[in-house]
Amino acid sequence: MEYYLVKWKGWPDSTNTWEPLQNLKCPLLLQQFSNDKHNFLSQVKKGKAITLKDNNKALKPAIAEYIVKKAKQRIALQRWQDELNRRKNYKGMIFVENTVDLEGPPSDFYYINEYKPAPGISLVNEVTFGCSCTDCFFEKCCPAEAGVLLAYNKNQQIKIPPGTPIYECNSRCQCGPDCPNRVVQKGTQYSLCIFRTSNGRGWGVKTLVKIKRMSFVMEYVGEVITSEEAERRGQLYDNKGITYLFDLDYESDEFTVDAARYGNISHFVNHSCDPNLQVFNVFIDNLDTRFPRIALFSTRTINAGEELTFDYQMKGLGDISSDSLDHSPAKKRIRTVCKCGAMTCRDEKSPRSRL
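What counts, and at which threshold
- Residues numbered from 1 in each chain as written.
- Predicted model: local features only at pLDDT ≥ 70, side-chain atom pairs only at ≥ 80, totals over all residues.
- Heavy atoms only, no water.
- UniProt positions renumbered as here; feature names shortened; annotations may be inferred.
- Phe/Tyr/Trp six-rings, centres within 6.5 Å; stacked < 30°, edge-to-face > 60°.
- Buried < 20%, exposed > 50% of the residue type's maximum accessible area, 1.4 Å probe, protein only.
- Lys NZ or Arg CZ within 6 Å of the ring centre and 35° of its normal.
- Helix = DSSP H or I, 4+ residues; strand = E, 2+ residues; numbered from the N terminus.
- Contact = heavy atoms within 4.5 Å.
- Core = buried A, V, L, I, M, F, W, Y, C linked by side-chain atoms within 4.5 Å.
- Domains from an automatic or database assignment.
- Pairing = 2+ DSSP bridges.
- Axes fitted to C-alpha atoms, helices over the stretch in contact; angles between N-to-C directions.
- Parallel < 35°, antiparallel > 145°, perpendicular 65-115°, else oblique.
- Left-handed = near helix turned anticlockwise from the far one by under 90°.
- Nonpolar A, V, L, I, M, F, W, Y, C, P; charged D, E, K, R; others polar.
- Salt bridge = Lys/Arg side-chain N within 4 Å of Asp/Glu carboxyl O.

Under an unreviewed UniProt entry, the name given to the protein chain is Histone-lysine N-methyltransferase, and the source organism is Trichechus manatus latirostris. In its Sequence similarities (unreviewed entry) section, the UniProt record describing the protein chain reads: "Belongs to the class V-like SAM-binding methyltransferase superfamily. Histone-lysine methyltransferase family. Suvar3-9 subfamily."

Here the structure, examined in full by the defined rule, presents 17 aromatic pairs. Ring centres 5.3 Å apart and planes at 85° place the aromatic pair Phe137 and Phe138 in the edge-to-face group. The exposed category is assigned to Phe138, whose relative accessible area is 60%. Pairwise contacts between aromatic rings join Trp80, Phe109, Trp203 and Phe268 into one cluster. Stacked on the ring of Tyr90, the Lys or Arg Lys88 has its end atom at 5.4 Å from the ring centre. The aromatic ring of Trp203 is capped on one face by Arg196, whose charged end is 5.1 Å from the ring centroid.

Further remarks concern the environment of Ala260. Relative to the helices and strands, Ala260 is located in the loop between strand S12 (255–258) and strand S13 (262–263). Owing to a relative accessible area of 14%, Ala260 belongs among the buried residues under this scheme. Sequence-wise, Ala260 and Tyr237 are 23 residues apart; in three dimensions their C-alpha atoms are separated by 9.1 Å. Once you skip the residues sitting within four places of it in the chain, Ala260 turns out to touch Asp108, Phe109, Tyr237, Tyr244 and His267.

Feature annotation in UniProt places "binding site: Zn(2+) 4" (unreviewed entry) on Cys273, Cys338, Cys340 and Cys345, given in this structure's numbering. For this annotated set, covering 73 residues, all C-alpha atoms fall within 8.4 Å of each other, a compact arrangement in space. One can find Cys338 in the segment after helix H5 (322–326). You can call Cys338 buried: its relative accessible area is 13%. Residues within four places of Cys345 in sequence aside, it is in contact with Cys273, Cys338 and Cys340.

The nonpolar side chains of a soluble globular protein tend to be buried, and buried together. In terms of nonpolar packing, the biggest core is built from 47 residues, with Met218, Leu308 and Phe310 touching the most fellow members. In terms of domain composition, this core takes at least three residues from each of domain 1 (20–47 + 58–86) and domain 2 (93–310). By size, the runner-up hydrophobic cluster in this structure holds 13 residues, among which are Ala151, Ile158, Ile160 and Val282.

Now for the sheet that holds strand S8 (residues 203–207). Across the sheet, which stays open at both edges, the three strands sit in the order S3-S7-S8 with mixed pairing between neighbours. Looking at the sheet topology across the chains shown, the edges are occupied by strand S3 (94–97) and S8. Each adjacent strand pair in this sheet contributes to an overall mean axis angle of 25°, direction not counted. Pairing geometry for S3 and strand S7 (residues 192–196), over four bridges, is parallel. Opposite Glu97, over in S7, you have Phe195 as the bridge partner. Helix-sheet contacts for helix H2 (residues 61–87) involve S3, S7 and S8, and the interaxial angle to S3 is about 160°.

Turning to the packing of helix H1 (residues 27–43) against H2, a few remarks are in order. In a packed pair of helices, the relevant descriptors are the angle between the two axes and the axis-to-axis distance. One way to put it is that H1 packs onto H2 with a least axis distance of 9 Å and a crossing angle of 125°. Classified by the angle between their axes, H1 and H2 sit oblique to one another. At the point where H1 passes H2, the crossing takes the right-handed sense. Taken together, the residues of H2 that come into contact with H1 (itself represented by Gln32, Phe33, Asp36, Lys37, Asn39, Phe40, Leu41 and Gln43) are Ala62, Ile63, Tyr66, Ile67, Lys70 and Arg74. In the contact of H1 with H2, the residues fall into seven nonpolar, three polar and four charged.

Next up on the list: the pattern of salt bridges. Tallied over the full model, the rule gives 15 salt bridges. The salt bridge partner of Arg290 is Glu254, with a shortest N-O separation of 3.6 Å. Here the residue Arg290 occupies a position in the loop between strand S15 (277–283) and strand S16 (293–298), and Glu254 occupies one in the loop between strand S11 (245–248) and S12, the gap between them amounting to 36 residues. By relative accessible area, Arg290 is classed as partly exposed at 28%. On the basis of relative accessible area, Glu254 is assigned to the partly exposed category, the value being 35%. A salt bridge links Asp288 to Arg290, with the nearest nitrogen and oxygen atoms 2.8 Å apart. Its relative accessible area of 16% is what places Asp288 among the buried residues. Several salt bridges share partner residues, and in doing so they unite Glu223, Glu229, Arg232, Arg233 and Asp258 into one network.

Encoded structure:
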């Protein structure tokens with residue numbers, strides 16, 4: 001008869017008991033137990049195989065240790081997923097998945113929904129006027145007042161080229177929440193999943209639903225710091241082979257967004273030389289051109305299960321001309337060996353400075 005060692009929820013390890021299968025009314029946990037055991041054996045199959053044939057009375061210690069670690073990881077990731085969904089302020093749900101290794105939630109990452117200014121930096125610059133349109137799609141609205149075109153079509157898909165700023169209706173406008181010029185401010189509308197990549201790129205983000213081309217996907221948020229502080233932090237990040245620095249250089253070169261410790265789901269989006277997301281500068285309630293909001297839009301149709309990526313250096317964007325790249329929005333600083341695997345991969349170390 002098979003017996004299973006059971007850890008009882010809410011009770012210490014000292015109360016663990018061995019139970020026969022007939023006593024266990026938890027098919028999901030039993031399936032996870034079986035899957036974890038199978039995955040471990042599959043991982044060591046190419047090396048020195050560990051099988052149950054050696055001893056049919058008990059699990060090998062290595063297998064038992066892996067199953068316990070995997071169970072604890074599953075609990076930790078579920079708690080992290082719950083926390084992320086409590087903290088987000090938009091419609092789309094966040095899921096977390098790791099079927100690759102035993103890595104758990106990041107220990108020094110705090111989820112935020114908007115920019116977090118560093119001490120000495122003020123982001124308070126409320127708009128003093130808004131539109132009085134009855135139909136912002138046809139009337140002279142906020143973009144026209146700023147000297148640019150309305151960014152969206154009737155399906156709320158972006159229709160302007162990269163490098164062109166987006167001016168959305170703000171809190172002073174008389175138009176309602178269904179205004180076609182309110183897109184980024186509504187937040188992510190899609191359910192996304194933070195998942196562990198299988199090719200050494202750490203965490204990544206994939207969509208769980210189909211995303212139409214030219215649709216808003218997410219914002220890039222983090223701590224707003226000075227460019228001088230960014231240079232200091234950048235040297236530390238270089239030594240670790242990571243980068244979360246995004247220069248806000250729409251008109252000036254004074255500030256940078258650092259999403260290393262404070263950020264949202266975009267913190268986990270990986271680089272690709274052939275990306276499916278494009279960056280745009282957005283202005284809503286703060287019209288200070290030193291602090292544009294960074295919005296990521298889909299460049300093509302993205303199918304459910306596909307990883308979301310953007311080009312940290314704003315290259316490799318298909319039919320986007322080199323002229324538009326000269327006026328591209330904020331660029332992410334990077335000095336890592338590219339592992340994106342794209343056919344157009346540049347596959348070289350890149351300087352941290354902006355291009």
